[in-house]
Amino acid sequence: MSTAALDPTALLPESLRDDFPILHNQVLENHPLVFLDNAASTQRPAQVIDAIRNVYEHDYANVHRGIHTLSERSTELYEEAREKVRGLLNAEHAREIIFTSGTTGSINLVARSWGGANLKPGDEILLTVMEHHSNLVPWQQIAAQTGAVLRHVPLTEEGRLDMEAFDRLLTDRTKLVAVASISNALGTINPIDEITTKAHDAGALVLVDAAQSVPHLPTDVRGTDVDFLAFSGHKMLGPSGVGILYGKESLLDAMPPFLGGGSMINEVRLDSFTPAELPAKFEAGTPPIVPAIGMSAAIDYLNAIGLDAIGRHEHYLTQMAYEALSKIEGLTILGPGPEHRTGLISFVFEKIHAHEFAQVLNDQFGIAVRAGHHCTQPLHTLLGITASTRASFYLYNQPSDVERLVEGIAAVQTMFAPRGRRRRKRSEG
Ligand code: C6P
C-alpha cells in the first residue's frame, strides 16, 4: 500500500489503544478486533470508565435538590462538566450549554421550542439532502404544525453541497438553515463559516448538527457565530444518554420551555408556572448526571491529546483508506475526495449487498463496520442505492486497521467472485 504522500508524523501513538479496555478483548475467536464503527458510537477509555465508577462510589446523589454533602458534590461535578463543554466550544457563558439526551434531543428541542414559537405559514427552513434523519424529521414535524415550508440544498456530482443552489434557495423567507458540519454518510466537510455568514446576511438563524465534527475537530461557536449547535457524548468517548445543545443566550432566553416538570420552574401554582432561568429552563426532570460527568472526563482526555492532533490523525487514516479503496475494482466510494472529507468512508459494491458484506467482514475477519442507510435514507435514495458499507475512524485506529480493512475487502470479493474468476485469481497468485 503506497502512503508516500502521507506524513506519518500526523499519526497519534499506538500506545493510546492501551487506554481502551474493549480494544483488547477478543470479540470473535481467532480475530483481534478492528473497530471501524466510530461514527455510530466510539469506545471509552479507562479514564472515563473510572470517572463514572468514582461518582457512583463516592459522590452520587441527585443534583440541584439537596443541601446534603453528596448532593452538593454531584451538583459541583455536574456544573463542572457544563463548564468543560463551554470551554470545548469556546462559548461565552455556561448557561448557553444545555444538557440533553443527545444530538436528536437537542435538535428536537430547537424545532419544538424555537420553531413552535417563531414559524408561520410560508416561512422556510433550509436543510440539505445529506442530513441525518435527526435533522430532517423534527423539521418535518414542526413544518406540519406551523405551515412552514422545507427546502433542501442539493449536492454536486462530487458529493459536496451545491453552494450556487444554496445561494438561490436562501431568501428572505428563510428563517433557519439547519445543516450538518460533517455528513455521517459521505464524510463531506461542509463550509459552516460561509453558510453562517450568508444565512445571517439573509436574516436567518443557523443550527449546526455537529454530531460528527465536535469529536474530531476543534469547534469555536463564537468564531463561526452559529446560533445553535448540537452533538452527542457517546460519539466522543463519553457515555450514551447525554448530549449538548449550545444556543446563543439571547435566543435561548426568548424561547419557551420545551419539556415541563421539576427543575425547569421558578414557581408553580395549580394552574400556571413561571420558568426557571437558563440553563435549568431546558433541563426538566433529573438530568443525565453521571453521563454528563463521564462526558467531562472524555473532554479532559480529548483536550490532553488536542483536537487538532486528532483531526490530523484521522485525516491521515481517511486519506490512506481512500487511496487504497479507490484502487479496488467494482467498489464505488460515496462522496468527495480526501481533501473535502474526514473521518469516514462509505462505499458500495457491484453485486454484493452492503449488509452481506459487513456481516462477512465481521464474522470472518473481526472487522466492525456499519451497513445500511446510516439514517440518511433520502440521501441514499437520491444516490440510487438502498444501503452502503461505512468504515469510520477515531483516535485509537492505526494504519494497521486500514490495512486489515483493505485485506478483508479483497478477501470478501474473492469469496463472492463467480467460480471461474475465483480459480483464475488463485492461479494468478
Ligand atoms: N449517527 C451513525 O451511525 P444521536 O443518536 O442523537 O446521538 O445522534 C444522531 C445523529 C445526528 N446527526 C448526525 C450527523 C449523526 O451522525 C447522528 C448519529 C449515527 O451515523 C447513528 S444513526
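This structure is a prediction, so every number in the text was calculated from the model and none was measured.

Draft legend 1. View of the pattern of salt bridges. Applying the stated criterion across every chain, the model contains 19 salt bridges. The partner of E79 in a salt bridge is R82, with the nearest N and O atoms 2.8 Å apart. Taken together, the residues E79 and R82, both in helix 2 (residues 69-89) and 3 residues apart, mark about one turn of the helix. Judged by its relative accessible area of 28%, E79 is partly exposed. With its nearest N and O atoms 2.8 Å apart, the salt bridge here joins E194 to K198. With E194 and K198 both in helix 6 (residues 192-201) and 4 residues apart, the pair spans about one turn of that helix. By relative accessible area, which is 25% here, K198 ends up partly exposed. A single network of salt bridges, built from pairs that share partners, joins E79, R82 and E283.

Draft legend 2. Structural context of the sheet that holds strand 5 (residues 174-180). Read from one edge to the other, the open sheet built from 7 strands follows the order 2-8-7-6-5-3-4, with strand pairing classed as mixed. Only two strands of the sheet have a single neighbouring strand rather than two, namely strand 2 (97-100) and strand 4 (149-153). Across this sheet, the average inter-strand angle for adjacent strands is 20 degrees, counted without regard to direction. Summarising the sheet, strand 5 and strand 6 (residues 205-209) pair through 5 bridges and their orientation is parallel.

Draft legend 3. Spotlight on the nonpolar core. Counting 65 residues, the largest nonpolar core has L89, V177, L229, F231, M236, L237 and L395 as its most contacted members. With 10 residues, the single largest contributor to this core is helix 9 (residues 289-305). Beyond its immediate chain neighbours, meaning those up to four positions away, L237 contacts F20, T42, Q43, R44, P45, V48, A298, Y301, L302, Y394, L395 and Y396. Grouped together as the second largest cluster of nonpolar side chains are 34 residues, Y322, I333, F347 and F357 included.

Draft legend 4. Examining the confidence of the model for the chain more closely. The predicted model of the chain averages 95 in pLDDT, with 97% of residues at 70 or higher. Every residue in residues 423-429 is under pLDDT 50, and counting partners more than four places away or in other chains gives 1 contact.

Draft legend 5. Representation of the site of the ligand within the structure. Around the ligand, 16 residues are found, and the nearest of them are T104, D209, S232, H234 and R370. Interatomic distance of 3.0 Å between a side-chain N/O atom of K235 and a nitrogen atom of the ligand. R390 is positioned with one of its side-chain polar atoms (N or O) 2.7 Å from an oxygen atom of the ligand. Relative to its free-state accessible area of 510 Å², the ligand is covered by the protein chains to the extent of 87%.

Draft legend 6. Region of interest: the packing of aromatic side chains. Counted under the stated rule, the structure contains 8 aromatic pairs. Between F349 and F357 the ring centres are 4.6 Å apart and the planes differ by 20 degrees, which places this aromatic pair in the stacked class. Between Y394 and Y396, the ring centres sit 5.9 Å apart and the planes meet at 80 degrees, which makes this aromatic pair edge-to-face. Per residue, the accessibility class of Y394 equals that of Y396, and both read buried. Among the aromatic residues, those joined into a ring-pair cluster are F20, Y301, Y394 and Y396.

Reading the values: the criteria
Residues numbered from 1 in each chain as written. Predicted model: local features only at pLDDT ≥ 70, side-chain atom pairs only at ≥ 80, totals over all residues. Heavy atoms only, no water. Salt bridge = Lys/Arg side-chain N within 4 Å of Asp/Glu carboxyl O. Helix = DSSP H or I, 4+ residues; strand = E, 2+ residues; numbered from the N terminus. Buried < 20%, exposed > 50% of the residue type's maximum accessible area, 1.4 Å probe, protein only. Pairing = 2+ DSSP bridges. Axes fitted to C-alpha atoms, helices over the stretch in contact; angles between N-to-C directions. Core = buried A, V, L, I, M, F, W, Y, C linked by side-chain atoms within 4.5 Å. Contact = heavy atoms within 4.5 Å. pLDDT = per-residue confidence, 0-100. Near = heavy atom within 4 Å. Polar contact = N/O pair within 3.5 Å; in protein donor to acceptor, adjacent residues only side chain to side chain. Areas by Shrake-Rupley, 256 points an atom, 1.4 Å probe, with all protein chains shown as cover. Phe/Tyr/Trp six-rings, centres within 6.5 Å; stacked < 30°, edge-to-face > 60°.

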